[in-house]
Amino acid sequence: SVMTAETTYKERRQRVDSQGSIGPNDEVMPYSDDETDDEQLTRLLVGWKVKANDRAYHQLPEFKKKIFLCIKKSRYSGNAIKTYKYNALTFLPLNLYEQFKRVANIYFLVLLILQSIPEITTLPWYTTLIPLVIVLGITAIKDLVDDLARHRMDKEVNGRKCEVLLDGRFQDSKWRNIQVGDVVRLKKNDFIPADILLLSSSNPNSLCYVETAELDGETNLKFKMGLRVTDERLQEEQELAEFNALIECEEPNNRLDKFTGTMQWAGERYPLELDNMLLRGCKVRNTDVCHGLVIFAGADTKIMRNGGKTRFKRTKIDELMNYMVYTIFVLLILVAAGLAIGHTYWYQDIGSRAWYLYDGKHQDAGYRGFLSFWGYIIVLNTMVPISLYVSVEVIRLGQSKFINWDLQMYYHEKDTPAKARTTTLNEQLGQIQYIFSDKTGTLTQNIMQFKKCTIAGRSYGGNREHKNSQVRKPVDWSWNRLADKKFDFVDHLLVANIKSKKDKDALEFFKLLSLCHTVMVESNDGELVYQAASPDEGALVTAARNFGFVFLSRTQDTITISEMGREATYEMLALLDFNSDRKRMSIVLKFPDGRIRLYCKGADTVIYERLSPNTRHKDATQRALDMFANETLRTLCLCYKDISASEYESWSRKHKDAQLTMVDRDAALDRVYEEIETNLMLIGATAIEDKLQDGVPETIAKLAKADIRIWVLTGDKKETAENIGYSCSLLTDDMQVHYGEDVNEKLRIRQADRRNSAPQTIRARKKKPAEPFFPGSGKNALIITGGWLIDFVDMACECEAVICCRVTPKQKANVVSLVKKYKKAVTLSIGDGANDVNMIKTADIGVGISGQEGMQAVMSSDFAFAQFRYLQRLLLVHGRWSYIRMCKFLRYFFFKNFAFTLVHFWYSFFNGYSAQTVYEDWFITLYNLAYSSLPVLLVGLLDQDVNDRLSLKFPKLYLPGQQETMFNYKNFFISLFHGIFVSLIIFFIPYGAFLQTMGQDGEAPSDLQSFAVVTASSLIFTVNLQISLDTSYWTFVNCFAVLGSIAIYFGIMFDIHSAGIHVIFPSIFTFTGAAPNALRQPYLWLTIILTVGMSLLPVICIQFLYKTIWPSVGDKVRPTTSTFKEARRKRPAFQRDRPSRRSAYAFSHTPGYANLISTGRSIRRRPQNDVLTHFRNHVQLH
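Keep in mind the model is a prediction, meaning the values are calculated, not measured.

Enquirer: In this structure, what is going on with the pairing of strand E20 (residues 520-524)? I would like to understand it.
Expert: Along any regular strand, the residues point their side chains to alternate faces of the sheet. Here E20 runs beside strand E21 (residues 527-531); their pairing, made up of five bridges, is antiparallel. Looking across to E21, one finds that Ser523 is bridged to Leu528. Where E20 folds back onto E21 in an antiparallel hairpin, the turn is made up of two residues, including Asp525, whose phi is positive at roughly 55°.

Enquirer: Just checking my understanding: could you explain the packing of aromatic side chains for this structure?
Expert: Within this structure, the stated rule accounts for 67 aromatic pairs. Pairing Phe898 with Phe972 gives two aromatic rings, centres 6.0 Å apart and planes at 70°, and the pair type is edge-to-face. Pair noted here: Phe898 is in helix H28 (residues 870-908) and Phe972 is in helix H33 (residues 969-995), with a separation of 74 residues, a long-range link. You can call Phe972 buried: its relative accessible area is 0%.

Enquirer: Whenever I open this one, the pairing of strand E12 (residues 268-273) confuses me. Can you help?
Expert: Bridge count for strand E11 (residues 260-265) against E12 is six bridges, and the pairing is antiparallel. Across the sheet, Trp265 pairs through a bridge with Glu268, a residue of E12. Counting the residues between successive antiparallel strands, the hairpin from E11 to E12 contains two residues, one of them, Ala266, with a positive phi of roughly 55°.

Enquirer: What am I meant to see in the side chain of Thr621 here?
Expert: Among the secondary structure elements, Thr621 is positioned in helix H17 (residues 618-630). When its relative accessible area of 0% is taken as the criterion, Thr621 is described as buried. Look past the residues within four positions of Thr621 in its chain and what remains in contact with it is Thr454, Gly457, Tyr608, Leu682 and Ala685.

Enquirer: Got a minute to help me understand the confidence of the model for the protein chain in this structure?
Expert: Detailed reading of predicted coordinates is not advised where the pLDDT is low. Of the residues in the protein chain, 82% have a pLDDT of 70 or more, and the chain-wide mean is 81. When mean pLDDT is taken per element in the protein chain, H28 scores highest with 94 and helix H1 (residues 2-17) scores lowest with 35. Across residues 1-46 the pLDDT falls below 50, and counting only partners more than four positions away or on other chains, this stretch makes 73 contacts in the model. Low pLDDT, under 50, characterises residues 1120-1142; the predicted model gives this stretch 38 contacts beyond four residues in sequence or across chains.

Enquirer: Is there a simple way to think about the sheet that holds strand E23 (residues 558-563) in this case?
Expert: In a beta sheet, neighbouring strands are held together by backbone hydrogen bonds and run either parallel or antiparallel to one another. Read from one edge of the open sheet, nine strands run E19-E18-E28-E27-E26-E25-E24-E23-E22, paired in antiparallel fashion. Each edge of the sheet is formed by a strand with only one pairing partner; in this case those strands are strand E19 (458-460) and strand E22 (549-554). Between one strand axis and the next, the sheet turns through 30° on average, direction left out of account. Pairing between strand E18 (residues 444-455) and strand E28 (residues 681-692): eight bridges, direction antiparallel. In the strand pairing of E28, Thr444 is matched with Leu692.

Enquirer: Where do I start with the sheet that holds strand E14 (residues 283-285) in this structure?
Expert: One open sheet accounts for three strands, arranged E9-E8-E14; its pairing is antiparallel. Each edge of the open sheet carries a strand with a single partner, namely strand E9 (221-225) and E14. Each neighbouring strand pair of the sheet contributes to a mean axis angle of 45°, computed without reference to strand direction. Of the strand pairs in this sheet, strand E8 (residues 207-211) and E14 are connected by three bridges, and their pairing is antiparallel. Looking at E14, one finds that Val210 is bridged to Val284.

Enquirer: Is there a simple way to explain the environment of Glu119 in this structure?
Expert: Structurally, Glu119 is set in the loop between helix H4 (103-115) and helix H5 (126-158). The class of Glu119 is partly exposed, set by a relative accessible area of 49%. Sequence separation between Glu119 and Ser372 is 253 residues, and the spatial gap between their C-alpha atoms is 9.7 Å. Discounting residues that sit within four places of it in the chain, Glu119 has contacts with Gln363, Tyr367 and Leu371.

Enquirer: Help me out: how do you make sense of H17 in this one?
Expert: Spanning 13 residues, H17 covers 18 Å between terminal C-alpha atoms, matching the ideal 18 Å at 1.5 Å per step. Count one or two residues on from H17 and you reach Thr632, which has phi positive near 60°.

Enquirer: Please clarify how the nonpolar core should be interpreted in this entry.
Expert: Soluble globular proteins: nonpolar side chains tend toward being buried together. Membership of the largest hydrophobic core comes to 96 residues, with the highest contact counts inside it found for Leu388, Phe889, Leu890, Tyr919, Phe923 and Leu1019. If we ignore the near neighbours within four places in the chain, the residues touching Leu1019 are Ala899, Phe900, Tyr919, Phe923, Tyr927 and Ile986. Membership of the second largest hydrophobic core comes to 53 residues, among which are Leu494, Val495, Phe509 and Met572.

Enquirer: Would you explain helix H3 (residues 91-99) in this entry?
Expert: In an α-helix there are 3.6 residues to a turn, and that puts residues three or four apart on one side. When we look at burial in H3, the residues that qualify are Phe91, Asn95 and Gln99. The arc enclosing the buried residues of H3, seen along the axis, measures out at 50°, which places them on a common side. Among the structural elements, H4 and H5 are those in contact with the buried residues of H3.

About the thresholds
Residues numbered from 1 in each chain as written. Predicted model: local features only at pLDDT ≥ 70, side-chain atom pairs only at ≥ 80, totals over all residues. Heavy atoms only, no water. Pairing = 2+ DSSP bridges. Helix = DSSP H or I, 4+ residues; strand = E, 2+ residues; numbered from the N terminus. Phe/Tyr/Trp six-rings, centres within 6.5 Å; stacked < 30°, edge-to-face > 60°. Buried < 20%, exposed > 50% of the residue type's maximum accessible area, 1.4 Å probe, protein only. Contact = heavy atoms within 4.5 Å. pLDDT = per-residue confidence, 0-100. Axes fitted to C-alpha atoms, helices over the stretch in contact; angles between N-to-C directions. Expected span 1.5 Å × (residues − 1). Core = buried A, V, L, I, M, F, W, Y, C linked by side-chain atoms within 4.5 Å. Arc of directions from axis to C-beta.

Pasting the structure below:
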């Protein structure tokens, strides 16, 4: 087995190497989505053993793994899942540990310790403890609420009931108690609790229908089946209790499309594959009862492994904010060190000689300077804002709620509101530079409709305008009792041709569609229900049904259809299934009259290579295909071939030999299929529409105006992706489109040039920008396939639009990583399926669309909504507002703390640098908590420079966020110098007023306490009026907050300066009567007014000059909105002057149900074919 694994590894390595960056094959899908070859090799070499009905077996020492020192536990996970972070015991220590990872919190804890040292403390301990406890408490409560929600979700999932075989009988058990090796019983509509090997079911051949929307995003039902041996011998409870097989299989992994293993039972070995597995996250459908053996449980299941690594995402502003806090630390240390040195010299020259300053301590000047340093660290600690982080969290929470409450992002049809699933990334929405979008289900609706076709060179399905007919009047299907009434078609001529039965080509066309497929049929309350492997197949079979060729039933070797009301049964000799390499499927049928015919449908690129030289209508069909491609329709060519009995017999023997091949069976079958799929006769082609979602072209055009680059990453074929690019306005006619083949030479030259350059040249080039790939000022677009993803970032970033086709989920994530790494750009990924999860988690912002393809993408996303068009509102309105609000909040927050703290710096020059405070202790404690917090908090939550309508109308308003112009180091230093200026005014104007003065009563209120009241009052007026100047959007709440903050300040100040509170706490409240005494002096009020006026006047003048001489985009928009006109252009889907694109082929990239059908295991055993009988009766009733 080791040799086999190594051989497989080498073969796969060769396949990968053959798909290098220089010459990839556009048509080859890379084989691995999420794993490297080394990971696959490791998995092949390591085994996973499961013993049925034997829990003790899995606790054997050989299955133990070391987790810590000598502590070991079983390598088999229990079935309980855990997404929560804390429990009752760990919440307090873990949460505090996480909070103290923030440098600011550690800093304040150190301060608290310093303040408890009597020799150096200059402020009471409570001035730091109270704010610190409040900040830690608010954050802890928020974390607790979030974690309780996770606890509830885990409890609900782990507490679900399931029947487990214990002590010889089935008993109800909770999911958390299920273990590997247990046999479970599932019923219709049950969720599957673990990854389970299907043993038997109530359906014939142990067939089980499952819905996999939560797993892979596909909404159509899938078929799973048990092994024949377990189906026959494990139906009864007693048989299941005696089941003791040993399963050997691959290790737990994240591959949703692969499973390999063997079952040893009763001396025999049986191969296991993915078709035998029911995966956790799926739901049992249309199956009354099924039994299974648990292979992987809990964290080992594929859905839990497939979630990928959850990356901790931080915004650019977060990172910048941290750097600025570090900068403040450095400033604080420098200022404290400078003042400590000043105190040392002052004490040597003055302090030590002044008899009235003698304190009885025999300390030299150096030691006193050292103590002064720590004293100033405590006094100036408010330069580092302790409430900054908690205020930011509150603002982000509020902004997230606004997104959730936005009715313009609510999708009424599915009752789906927008949802901000994280509260930490809102302002990053205002800085997006690159959007990476999935195509199917994100830009399109993933609902396929048969729109047009070409038969024998004649096209149908367009608007045919005749004098006596109405344009686009839908076809009436009342003539066909089995028609799907929801099917919409407008070309009456094709229907007339079918009903007349004169057009033999048209009859053959729809007969092929009704026979050549792998669709399953069921009866549901008298209605036919088709279950298709892909929505394309379902649409084609439904089209044939409406045109009179109704697929009724199938058995292992027959297909029964209704041909214009007449039933016919065809013997199925072979079914050549679809796969992504073949791009076609064929069926070999024996007609009732004995003729043998092969029907084939597939992509034009592969069908045209296999056509007979005698086939007709090739050119006319090609022209129709080009037109369909231009209209962004998905196309398939249909053809047939008559086969003689002897030719079939010869081919059939080869086919059976290939089916029995044990080594490389798929390649052997492909070679045999190639032999018979030759010399085909072309009938025509179908064109299916995968409709764009509403508003997609307008959204993309608007985002492009905001200088946001949009890249489409899709698994679809190049031609289809390109056509969708045109229809959604991603590609426009004024763009020069470059393909992977075209840019190959440019990349090779650039790489060779880099290799051949001397080291000095390389260093010189790093200093200057590289020469552009596309010279000139024209617009460029790039369309490449998965293999071109290396060394293309610089080239791609020069383009207006990029489309990457045939990319796997892993490659989608790699593209996002490349742009993040090399362009340092802010990225957003948007998708709707499980194949987009990796990309969503990799981007700075992940958006999930809750649409046709389940909830996997939504569960991994940061933001979620129902339609792509809501993205423009999320970015241009909510993102932009969030960014502007956060920037304004941070600029002001830093300013008010500098203005408050640096007054101590100026005061130090007049107190011998002795670390004495200007303000009273309680003012320092409450300044950031009560006196100045609410107005700036409301600006961070509610401010708007322009309303939402103008934000959408003028996308250029989005540019400041991308350019990071509203909050950067320049803004930080402006806030610093603004704070220095205001602190200078607030200290020196009252200082001058107090220098030589006399009160009305003959007393001179030039004491420190009166000075502290005047400076504090001036500061509160200044900072609250400053935020008023910065507020763009006034509401009653803002006005109340500004006036309320000033009122709260005076109310608290008069209380803590009262004699009553001093009597109760004489050592804590020492400013007895200071406020009433000072504020009854009119000239002190004049001093406050002068101080506030001098602080605000320069700001008012600068703002006036900026808005007059250097207005921002927002300033220009507000007064002149009536002069702007927005041109609205609608471009038709098809334009004659656009160069044609060869193929619009697109189809399911997974094989159909051919294997299930041909083995007969998917066919229910019904007496007298009851589906068919039911429809005969149904027709007779009518």
